[in-house]
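So the chains spell out like this:
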Amino acid sequence: QVQLVESGGGLVQPGGSLRLSCAASGSIFSINFVGWFRQAPGKEREFVATISWSSGSTTVQNSVKGRFTISRDNAENTVYLQMNSLKPEDTALYYCAADTINKGRGLGSVREYDYWGQGTQVTVSS
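Residues numbered from 1 in each chain as written. Predicted model: local features only at pLDDT ≥ 70, side-chain atom pairs only at ≥ 80, totals over all residues. Heavy atoms only, no water.

Scanning the protein chain from N- to C-terminus turns up zero helices and eleven strands. Secondary structure elements of the protein chain occur, N-terminal to C-terminal, as β-β-β-β-β-β-β-β-β-β-β. Taken against the 2.2 N^0.38 rule, which gives 14 Å for 126 residues, the C-alpha radius of gyration of the protein chain at 14 Å falls within 12% of a compact globule. In terms of overall dimensions, the protein chain has C-alpha extents of about 40 × 30 × 25 Å along its principal axes. Summed over all atoms, the accessible surface of the protein chain reaches about 6300 Å², with 46% contributed by carbon and sulfur. Between the averaged position of the 11 positive side-chain charges in the protein chain and that of its 10 negative side-chain charges there is a distance of 4 Å. (Helix = DSSP H or I, 4+ residues; strand = E, 2+ residues; numbered from the N terminus. Rg over C-alpha atoms; globule rule 2.2 N^0.38 Å. Areas by Shrake-Rupley, 256 points an atom, 1.4 Å probe, with all protein chains shown as cover. Lys, Arg positive; Asp, Glu negative; His and termini not counted. Charge placed at Lys NZ, Arg CZ, Asp CG, Glu CD.)

Written out as structure tokens, the structure is:
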């Protein structure tokens, strides 16, 4: 019902910047929140940031606060993750996800979200 497509990943040097995009389609009316998560090899998927589709209110993980900014453009059905001052520890497969049904898991929980994109790889290396 909701399709999400990430783009913008790539290889960047430490200290560099990338902007990830998450384009949503389908039942846009059902989206309450869009989140960004990331997963490094051998590790669990972890919360990065989330945004309210309607109000634009945001929450950002402490580990990236001050470096990453989440935003959205409802007119183009797109959520962005601006990543600055990138570190090698930021290397991961980045996913966007849509929360359409409140399950009470919390917006930082993978299991709160109903739809997921395919992911876009971010590699930070010199």
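Let us keep going from here.
A complete count under the given rule lists one disulfide for this structure. Linked covalently through their sulfurs, Cys 22 and Cys 96 form a disulfide whose S-S length is 2.1 Å. The sign of the S-S torsion, about 70°, decides the handedness of the disulfide formed by Cys 22 and Cys 96: right-handed. Here Cys 22 is found in strand S3 (residues 18-26), whereas its partner Cys 96 is found in strand S9 (residues 92-99), with 74 residues between them in sequence. By the burial criterion, Cys 22 is buried, and Cys 96 matches it. (Disulfide = S-S within 2.5 Å. Buried < 20%, exposed > 50% of the residue type's maximum accessible area, 1.4 Å probe, protein only.)

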